[in-house]
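Descriptive structure summary
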Amino acid sequence: MATNAPKNPIFTLPERVAMVRAEAEPLAVGHATIEVAAFDTLLVKFAAELGASVIIRGLRAVSDFEYEFQMVAMNQRLNTEIETVFLMADPRHQAISSRLVKEIALLGGDISPFTTAAVAQALTTRCKEKK
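Now for a description of the structure that goes with this document. These numbers come from a predicted model, not from an experiment.

**Some thoughts on the packing of helix α4 (residues 98-106) against helix α5 (residues 117-130)**
At a minimum axis distance of 9 Å, the contact between α4 and α5 shows a crossing angle of 55°. Compared by their axis directions, α4 and α5 come out oblique. For the pair α4 and α5, the sense of crossing is right-handed. On α5, the residues touching V101, K102, A105 and L106 of α4 are L123, C127 and K130. Within the contact of α4 with α5, the residues separate by chemical class into five nonpolar, no polar and two charged.

**A look at a nonpolar patch on the surface**
A contiguous nonpolar surface patch, about 350 Å² in accessible area, is contributed by V54, I56, V85 and L87. You can see L87 is positioned in strand β2 (residues 83-88).

**Here we look at the pairing of β2**
In this structure, strand β1 (residues 54-59) lies alongside β2, joined through six bridges in parallel fashion. Residue pairing across strands places R57 opposite F86, the latter belonging to β2. For the crossover that starts at β1, traverses helix α3 (residues 62-78) and ends in the parallel β2, the hand is right-handed.

**Considering the pattern of salt bridges**
Pairs can form between side chains of opposite charge once their charged atoms are near each other. Applying the stated criterion across every chain yields a total of five salt bridges. Here E15 makes a salt bridge to R126, at a shortest N to O gap of 2.7 Å. One end of the pair, E15, is in helix α1 (residues 13-24); the other, R126, is in helix α5, with 111 residues separating them in the sequence. Residue class for E15 comes out partly exposed when judged on its relative accessible area of 28%. Of the charged contacts, one joins R126 and E129 as a salt bridge, the two residues approaching to 3.3 Å between their closest N and O atoms. On the criterion of helical spacing, the pair formed by R126 and E129 is a turn pair, its members being three residues apart in helix α5. Looking at E129, the relative accessible area reads 54%, which means it is exposed.

**Here's the deal with helix α2 (residues 43-50)**
Along α2, the positions that sit buried rather than exposed are V44, F46 and A47. Angular distribution of buried residues about the axis of α2 spans 160°; they occupy a single face of the element. Packed against the buried residues of α2 are β1 and α3. One or two steps after α2, the chain reaches G51, where phi turns positive at roughly 85°.

**Quick look at the nonpolar core**
Membership of the largest hydrophobic core is limited to 10 residues, which are I10, F11, M19, V101, A105, I111, V119, A120, L123 and C127. Sorting the residues of this core by element identifies α4 and α5 as the ones contributing at least two each. Apart from the residues lying within four places of it in its own chain, the contact partners of L123 are I10, F11, V101, K102, A105 and I111.

What counts and how
Residues numbered from 1 in each chain as written. Predicted model: local features only at pLDDT ≥ 70, side-chain atom pairs only at ≥ 80, totals over all residues. Heavy atoms only, no water. Axes fitted to C-alpha atoms, helices over the stretch in contact; angles between N-to-C directions. Helix = DSSP H or I, 4+ residues; strand = E, 2+ residues; numbered from the N terminus. Parallel < 35°, antiparallel > 145°, perpendicular 65-115°, else oblique. Left-handed = near helix turned anticlockwise from the far one by under 90°. Contact = heavy atoms within 4.5 Å. Nonpolar A, V, L, I, M, F, W, Y, C, P; charged D, E, K, R; others polar. Patch = residues over 30% accessible without salt bridge, like charges linked within 9 Å, V, L, I, M, F, W, Y side chains within 5 Å. Areas by Shrake-Rupley, 256 points an atom, 1.4 Å probe, with all protein chains shown as cover. Salt bridge = Lys/Arg side-chain N within 4 Å of Asp/Glu carboxyl O. Pairing = 2+ DSSP bridges. Right-handed = clockwise from strand over helix to strand, strands pointing away. Buried < 20%, exposed > 50% of the residue type's maximum accessible area, 1.4 Å probe, protein only. Arc of directions from axis to C-beta. Core = buried A, V, L, I, M, F, W, Y, C linked by side-chain atoms within 4.5 Å.

Written out as structure tokens, the structure is:
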């Protein structure tokens, strides 16, 4: 069940932003651009500041939907001009969560099937440093 429990990130915000930028760079082909930006405000407020009219959210399982549905209702009350679209995860990836991948890495397991090679290397290295 999805919750809004506090996260315990292994990487700092600047480290996470840098990793996402590195992973997104090869996806920006032709005239496409991908901008990675951190924010510390409400998502709907940040989207409005960027001039966005749509927020795309991913759902791994039906259990995620209830929490996300509540969030959409609140976002609609905060800004009726921004729509939210949900995309369902590929069934092969539905059971993967950052918490589980982090736990596998902390216990010395192979996380290569769950993330990119660069992120797996960074996470494995960081987990070894924590021991």
